[in-house]
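These are the residues of each chain, in order.
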Amino acid sequence: MEDMKEKVAKAFKERFGQQGTTYASSGRINLIGEHTDYNGGFVFPGAIDKGIWAELAANGLEKCRVYSMDLDDYAEFGLKEEDAPSQGWARYVFGVCREIQKRGGKVEGFDAVFAGNVPLGAGLSSSAALESCFAFALNDMFNNNVISKFDLARIGQSTEHNYCGVNCGIMDQFASVFGRKGHLMRLDCRSMEYEYFPFDPKEYRLVLVDSRVKHELKDSPYNKRRESCERVASRLGMETLRDATMEQLDAIKGDISAEDYFRAKFVIEEKDRVLAVCDALEKGDYETVGKKMYETHRGLSKDYEVSCEELDFLNDIAKECGVTGSRIMGGGFGGCTINLVPDGLHDSFIAEAKARFNEKYGHEPMVYDVVISDGARKCE
Ligand code: ADP
Ligand code: MG
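All values reported here derive from a predicted model rather than from experimental measurement. (Residues numbered from 1 in each chain as written. Chains lettered and ligands numbered in written order. Predicted model: local features only at pLDDT ≥ 70, side-chain atom pairs only at ≥ 80, totals over all residues. Heavy atoms only, no water.)

**What to know about helix 4 (residues 149–163)**
Right, so step 1: If you check helix 4, its first and last C-alpha atoms are 21 Å apart, about what 15 residues at 1.5 Å a residue would give, namely 21 Å.
Right, so step 2: Within helix 4, burial applies to Phe-150, Leu-152, Ala-153, Ile-155, Gly-156, Gln-157, Ser-158, Thr-159, Glu-160 and Tyr-163.
Right, so step 3: Close packing links the buried residues of helix 4 with helix 2 (88–102), helix 3 (126–142), helix 5 (171–178), strand 7 (183–188) and strand 8 (194–198).
Right, so step 4: Positive backbone phi, approximately 65°, marks Gly-165, located one or two places after helix 4. (Helix = DSSP H or I, 4+ residues; strand = E, 2+ residues; numbered from the N terminus. Expected span 1.5 Å × (residues − 1). Buried < 20%, exposed > 50% of the residue type's maximum accessible area, 1.4 Å probe, protein only. Contact = heavy atoms within 4.5 Å.)

Next comes the structure, spelled out in structure tokens:
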């Protein structure tokens with residue numbers, strides 16, 4: 001990715017007449033562990049080789065001057081709450097500055113140029129890449145790196161909440177800040193403990209297939225899923241489904257609705273699948289990893305009921321092509337599937353998925369190869 005570094009450095013020099021320091025951060029995937037975060041379970045993300053690169057330098061002024069290369073747009077803003085810029089993209093940068101200040105950190109005026117290669121809104125979290133790139137940079141430039149990595153992730157999350165109107169969890173920012181080449185991270189959403197696991201498949205590729213459909217549904221299906229989980233947990237006398245077992249769930253089967261039963265069943269099984277995938281990765285057993293991905297898809301589709309026709313169709317194509325693992329990535333009702341594809345099937349699977357999807361739905365899905373890579377960093 002030297003070319004991205006050179007690209008922002010060159011544009012910075014042209015615009016501001018000097019050299020700054022280049023920082024970068026990454027988008028993310030989640031291999032397995034869906035709808036587990038609000039149930040106190042595990043997620044299993046990793047940073048990818050697509051991200052944001054930014055060149056920055058302190059400018060000795062009381063304002064920030066920031067240029068987005070991809071949008072060819074420029075924003076200038078001060079560092080007080082009332083100085084919020086109007087452009088949506090600039091609010092991510094401004095929000096990061098403000099959230100650092102709110103936590104007692106220092107931010108002075110700076111100039112910046114940035115560009116990225118994470119597809120926006122495809123479920124790879126370009127926004128977390130942007131936040132964590134600037135949070136990492138400002139920690140390095142003005143705070144001697146005293147802000148902890150977890151706080152950098154929280155600064156990104158609070159930016160989304162307070163400046164961008166997105167009520168997200170911590171996974172995206174966590175993955176973007178903590179990401180490490182060749183490793184996925186199991187994050188315990190209850191204790192916030194995390195552990196790295198090797199993910200460096202030699203004979204497989206990770207491929208995202210973006211259906212480019214998003215079904216807007218009435219009566220917030222996510223809240224309904226949450227409520228089901230909460231009802232079952234409280235029926236079991238637990239705070240969340242984290243510690244629940246299938247035996248315990250089966251014991252109360254007659255007392256809860258069939259719908260609640262299947263929602264909880266998915267959550268309990270999904271937690272066990274994350275743990276099974278971690279074990280498999282320690283043995284380099286990618287076939288088991290893939291099998292678990294298919295099981296997750298089935299659970300999301302049949303038990304949790306957050307899939308849609310297009311995603312089930314993509315999953316079926318993967319299965320028919322002999323792809324090792326495939327599942328919905330993200331909340332559901334549209335978006336991407338994530339696929340673990342044997343090298344030898346890579347091209348034929350993509351061709352088949354594009355052609356058959358196009359034939360049925362009138363547009364091709366977008367396809368992205370991703371490699372698990374480092375997260376937020378300074379580019380030396
Ligand atoms: P995603 O799922 O990719 O995070 P979001 O809607 O959360 O999608 O965030 C996308 C927003 O983040 C964009 O609308 C833009 O404001 C900002 N953004 C992300 N990447 C870039 C970029 N390369 N240049 C400018 N803005 C970006
Ligand atoms: Mg986002």
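**Observations concerning the sheet that holds strand 10 (residues 325–329)**
In a beta sheet, neighbouring strands pair by backbone hydrogen bonds and run either parallel or antiparallel.
Right, so step 1: The four strands lie next to each other as 10-11-9-12, forming an open sheet whose pairing is antiparallel. Looking at strand neighbours, the two that pair on one side only are strand 10 and strand 12 (366–370), the edges of this open sheet. The average angle at which neighbouring strand axes cross in this sheet is 25°, direction not considered.
Right, so step 2: Of the pairings in the sheet, the one linking strand 10 to strand 11 (residues 334–342) comprises five bridges and is antiparallel in character. Its bridge partner lying in strand 11, Met-329 is registered against Cys-336.
Right, so step 3: Here helix 9 (residues 286–303) sits on the sheet in contact with strand 9 (204–214), strand 10 and strand 11, set at roughly 40° to strand 10.
Right, so step 4: Each of strand 9, strand 11 and strand 12 is contacted by helix 11 (residues 346–361), which is oriented at about 10° to strand 9, the strand it contacts most. (Pairing = 2+ DSSP bridges. Axes fitted to C-alpha atoms, helices over the stretch in contact; angles between N-to-C directions.)

**Here's the deal with the packing of aromatic side chains**
The geometry of an aromatic ring pair is captured by two quantities: the separation of the ring centres and the angle between the planes.
Right, so step 1: Counted according to the given criterion, the structure contains 22 aromatic pairs.
Right, so step 2: Judged by centre distance (5.5 Å) and plane angle (65°), the ring pair of Phe-174 and Tyr-194 falls under edge-to-face. On the criterion of sequence distance, the pair formed by Phe-174 in helix 5 and Tyr-194 in strand 8 is long-range, its members being 20 residues apart.
Right, so step 3: On the basis of relative accessibility, which here comes to 35%, the residue Tyr-194 falls in the partly exposed class.
Right, so step 4: Judged by centre distance (5.8 Å) and plane angle (75°), the ring pair of Tyr-222 and Phe-333 falls under edge-to-face. Of this pair, Tyr-222 sits in helix 6 (residues 221–235) while Phe-333 sits in the loop between strand 10 and strand 11, placing them 111 residues apart in sequence.
Right, so step 5: Among the residues examined, Phe-333 registers a relative accessible area of 9% and is labelled buried.
Right, so step 6: By way of ring pairs, the aromatic residues Phe-150, Phe-174, Phe-178, Tyr-194 and Tyr-196 are connected into one cluster.
Right, so step 7: Positioned above the aromatic ring of Tyr-67, the side-chain terminus of Arg-15 is 3.9 Å from the ring centre. (Phe/Tyr/Trp six-rings, centres within 6.5 Å; stacked < 30°, edge-to-face > 60°. Lys NZ or Arg CZ within 6 Å of the ring centre and 35° of its normal.)

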